[in-house]
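Okay, here's what each chain looks like letter by letter:
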Amino acid sequence: MSDFNAVDDQTWRDEPAEENDLECLDRHKGGCSGAVEYRMALSATGRQFPRCDAHWGKRLDEQEGINQRYPSLQPSDFDPSYAGESWYEDE
Ligand SMILES: [Zn+2]
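What counts and how
Residues numbered from 1 in each chain as written. Predicted model: local features only at pLDDT ≥ 70, side-chain atom pairs only at ≥ 80, totals over all residues. Helix = DSSP H or I, 4+ residues; strand = E, 2+ residues; numbered from the N terminus. Buried ≥ 20, exposed ≤ 12 C-beta atoms within 10 Å, placed from the backbone. Contact = placed C-beta atoms within 7 Å.

A. Representation of the overall build of the protein chain. A count of helical and extended segments in the protein chain gives 3 helices and 2 strands. Ordering the α and β elements of the protein chain from the N terminus gives α-β-β-α-α. In the protein chain, which comprises 91 residues, the proportion classed as buried is 7%. By sequence separation, contacts in the protein chain at least 24 residues apart represent 24% of the contacts at least 6 residues apart.

B. Layout of the environment of serine 43. If you trace the backbone, serine 43 turns up in the loop between β1 (37-38) and β2 (50-51). A sequence separation of 20 residues divides serine 43 from glutamine 63, and the C-alpha atoms of the two residues are 9.2 Å apart.

C. Main features of the environment of glutamate 23. Position of glutamate 23 relative to the elements: it lies in the loop between α1 (2-12) and β1. Each C-alpha atom of the pair glutamate 23 and arginine 51 lies 7.1 Å from the other, and the pair is 28 residues apart in sequence. With residues up to four places along the chain from it excluded, the contact list for glutamate 23 reads Val36 and Pro50.

And the structure:
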């Protein structure tokens, strides 16, 4: 009987997963360190994702490179339809 009780006791000690803990979006890449928090949105969707300190730092570095290579905003005076309108005006 005492053996049965021991097994039963272990079953009750099976604690639920920590559902409230945030998991780093890049945890599959490994190398997580620091606190995992929702970081400010970097994409146009405005969605926020939880990342650890280490991966958030890397993400910021990546984003900086992307912004330099591909400016997200066109120049305000860039209008491809402007030339087209005047081109056929005399027809
Ligand atoms: Zn991470």
